[in-house]
Amino acid sequence: MANNVDDAQAELDSVEAELEMVELQISELLEKQTKLNSRKNKLLQVLEGACSSAQPSGSSKPPKPSFSKQDLKHYEESGFSWSEEVQAKLASVFQLTKFRPLQRTAINLSMSGKDLFLVMPTGRGKSLCYQLPALCSKGYTLVIAPLVSLMEDQLMYLKSVNVPAVTLNSSSTKEDSKRVLAGMIDKNSPFKLLYVTPEKIAKSKLLMSKLEKAYNMSLLARIAVDEVHCCSQWGHDFRPDYKLLGILKRQFPKVPLVGLTATATSSVLKDCQKILCVQEPITLTAPFNRPNLYYEVRFKDSDDCTDQIAQLIRERYKNQSGIVYVFSQKDAEAVATDLQKRNILAQPYHANMEPSDKSLVHQRWSSKKIQVVVATVAFGMGIDKADVRFVIHHTISKSIENYYQESGRAGRDDGSADCIVFFGFADIFRISSMVVMENTGQQKLQNMVAYCQNVDRCRRAMMAVHFDEVWDDDECNQMCDVCRHGNEYITMDITKQARDVVTIVEMASSVDEKLTPLKVCDAWLGKGPAKHRKTIKVTSLSRLEVESIIIHLLLHGYFSEDFSFTPYTTHFYLKLGRKAALLKNENHSITMKMRRMMSQATVKKVSESAGEKSSAKVEGKRPADSDGKKSVAKKVKTLP
Ligand SMILES: Nc1ncnc2c1ncn2[C@@H]1O[C@H](COP(=O)(O)OP(=O)(O)OP(=O)(O)O)[C@@H](O)[C@H]1O
């Protein structure tokens, strides 16, 4: 009897364990199904759009959107009553000869009173799309911008081209504020643009009362909301005061609004539309691609990559301007000093500097007195230097959207420029702890890490997903490291390695010990004071390879983050992820694509340890078709 009970108990345990595994596999498959369905729907939408615009009239069509591509075509022309004036001022005031893509359409739409969202890559000339209409309209345009420094840069520029523009912000003097408030209801409009922060709209009743008066006097010609994605908490730069801007459209419904951003997905824009109370805005989206930018990822194989950066600046970018983005104010100071020691004219820039010092650095860099600004992300909005030839990230950005925007400060003159990111293991966890409070912070960071860890997909294709675009790698034109070098990579079976490293974390947790990712690496490499040294299966892989595998396991749910807070800092530990249990199943396997950095000897080591199942093989990026033809272009741009 006792034996029977024991047997039954043992079998029950095993069935339960198996069921747990099956449940995990189901949840994994369901997750995959959701992702594929959403991708399928997106692709169907894209195809539908392409078919409907190609169909002859009379064929069955989906319901007509309120503003069709055909309607939009009309606004690309120059036969409007304002066209002559707009063209003349483009040349006489802004000293520009022709419009860039979408600018004329945006200006025509705005001049004809439509509400508009304009999504245009950073540096492509969004400001002109509200500044030029402001000059060609009666009254003035109210511009909401998130940062005082950004406004001041714009005012400096507008002053240089003799456009009367003013600002009302926390640093305005009493006299200035008085003058501006009086000007707001002056029939002769002493200024054409009024820049304010969203906080000012939220907090100043006096400002709102003047705006109301101006509205009744038909002096409020237009509202421009710069960096409009800041409205949505799903955007990458949410600012609470932007949430209150709906008051503008509610109080001044007849004033056309233009929202501008470099990065916003359609769901972020939908959210912005709701928040701003705009009924049916027309969205103009310029293709996200910046064909002149070369994207590259390099491994940071030591704590510091300053030597490599210095070498690049001295050799590849001799006498050319650039930016080095770093993680913290301390890093900005330290890296700038290190570059100076290597005879590079570099200066730091971060939020904690005096405003006068910041503008001095900006000016010296703009006038080429210094070559490099070593900056935190505080150096960003409002930078308007056209000939930036390189943007190097000493540390990865916190999201792909942020990376796109930061790196996009390169090559605004359309000349070629490089965007290089140094991908370091420890940096991932520094950033992860920093974004711990952000709702989608970890997911966004993981996307950025996946971008860096990627070895076989065009870098632009990885970015495109974040901008709702379907991308055909051929259009990259070898302007990313993966496409250019056809990077050979290795597909390896890392199941055994995964089991070994997961066991390290499991054993630590069984004695209530938490391990940081660095400690896990050390323990696996047989270094450091690992308590369970005797039981650890030490690996002979290199540190970079060990790091790569740990990142892979983290990205794929075999590990997950375990944060711990102290009054001073947030610690990042690794714990078992929801898929770790799958490794107990002997049929479960994990493969990983790894860079060529892995030596053939290592491939052999991993292959041997993977036993029969080994599948380490050297592959390459998909070559061009054998007949040399490019595959059918799949890239579909959203409007227009
Ligand atoms: N039609 C044009 N032809 C040539 N240069 C232009 C044109 N329109 C704008 N520019 C220039 O492009 C640069 C960037 O413009 P702007 O600052 O408006 O970009 P942006 O899209 O607002 O960028 P960000 O996202 O960083 O705010 C400016 O130097 C501007 O003078």
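Computed from a predicted structure; not experimentally measured.

A. Representation of the packing of aromatic side chains in the model. Inspection of the entire model under this criterion finds 13 aromatic pairs. Taking the centre distance of 5.3 Å and the plane angle of 70° together, the rings of tryptophan 365 and phenylalanine 379 count as edge-to-face. Within this pair, whereas tryptophan 365 is found in helix H14 (residues 355-366), its partner phenylalanine 379 is found in the loop between strand E11 (372-375) and strand E12 (388-393), the two being separated by 14 residues in sequence. Across the pair, phenylalanine 379 and tryptophan 365 agree in class, each one buried. Ring geometry for phenylalanine 425 and phenylalanine 429: centres 5.0 Å apart, planes at 75°, overall edge-to-face. Taken together, the residues phenylalanine 425 and phenylalanine 429, both in helix H16 (residues 425-434) and four residues apart, mark about one turn of the helix.

B. Spotlight on the side chain of aspartate 562. The residue aspartate 562 is located in strand E15 (residues 559-565) in this model. Of note is the side chain of aspartate 562, whose polar atom sits 3.2 Å from the side chain of lysine 514.

C. A look at unusual backbone geometry. The phi torsion at asparagine 162 lies on the positive side, around 60°, for a residue other than glycine. Relative to the helices and strands, asparagine 162 resides in the loop between helix H6 (148-160) and strand E3 (165-168). For asparagine 162, a relative accessible area of 69% gives the class exposed. At glutamate 227, a residue that is not glycine, the phi angle is positive and equals roughly 50°. Following the sequence through the fold, glutamate 227 ends up in the loop between strand E5 (220-226) and helix H10 (246-251). What makes glutamate 227 buried here is its relative accessible area of 10%.

D. Quick look at the packing of helix H4 (residues 103-111) against helix H5 (residues 128-135). One way to put it is that H4 packs onto H5 with a least axis distance of 9 Å and a crossing angle of 45°. Classed by the angle they form, the pair H4 and H5 counts as oblique. H5 is crossed by H4, and the crossing has right-handed handedness. Across from Gln103, Ala106, Ile107 and Met111 in H4, the residues of H5 making contact are Leu128, Cys129, Leu132 and Pro133. Within the contact of H4 with H5, the residues separate by chemical class into seven nonpolar, one polar and no charged.

E. Here's a closer look at the sheet that holds strand E2 (residues 140-144). Across the sheet, seven strands lie side by side as E3-E4-E2-E5-E6-E1-E7; this open sheet has parallel pairing. Both outer strands of the open sheet, E3 and strand E7 (282-285), are each paired with one neighbouring strand and no more. If you compare each strand with its neighbour and ignore which way they point, the axes differ by 20° on average. Of the pairings in the sheet, the one linking E3 to strand E4 (residues 193-196) comprises four bridges and is parallel in character. Each residue of the ladder has a partner; that of alanine 165, found in E4, is leucine 193. Against the sheet, H5 engages strand E1 (116-119), E2, E4, E5 and strand E6 (257-261), with an angle of about 140° to E4.

F. Examining a negative patch on the surface more closely. A cluster of like negative charges, contributed by Asp13, Glu16, Glu20 and Glu23, occupies part of the molecular surface. Mapping glutamate 16 onto the fold places it in helix H1 (residues 2-54).

G. Focus on the environment of aspartate 456. Following the sequence through the fold, aspartate 456 ends up in the loop between helix H17 (441-453) and helix H18 (459-464). Residue aspartate 456 is classed as partly exposed on the basis of its relative accessible area, which comes to 22%. A C-alpha to C-alpha distance of 8.4 Å links aspartate 456 and cysteine 483, two positions 27 residues apart in sequence.

Definitions and limits used
- Residues numbered from 1 in each chain as written.
- Predicted model: local features only at pLDDT ≥ 70, side-chain atom pairs only at ≥ 80, totals over all residues.
- Heavy atoms only, no water.
- Phe/Tyr/Trp six-rings, centres within 6.5 Å; stacked < 30°, edge-to-face > 60°.
- Helix = DSSP H or I, 4+ residues; strand = E, 2+ residues; numbered from the N terminus.
- Buried < 20%, exposed > 50% of the residue type's maximum accessible area, 1.4 Å probe, protein only.
- Polar contact = N/O pair within 3.5 Å; in protein donor to acceptor, adjacent residues only side chain to side chain.
- Axes fitted to C-alpha atoms, helices over the stretch in contact; angles between N-to-C directions.
- Parallel < 35°, antiparallel > 145°, perpendicular 65-115°, else oblique.
- Left-handed = near helix turned anticlockwise from the far one by under 90°.
- Contact = heavy atoms within 4.5 Å.
- Nonpolar A, V, L, I, M, F, W, Y, C, P; charged D, E, K, R; others polar.
- Pairing = 2+ DSSP bridges.
- Patch = residues over 30% accessible without salt bridge, like charges linked within 9 Å, V, L, I, M, F, W, Y side chains within 5 Å.
- Areas by Shrake-Rupley, 256 points an atom, 1.4 Å probe, with all protein chains shown as cover.
- Salt bridge = Lys/Arg side-chain N within 4 Å of Asp/Glu carboxyl O.
- Lys, Arg positive; Asp, Glu negative; His and termini not counted.
- Charge placed at Lys NZ, Arg CZ, Asp CG, Glu CD.

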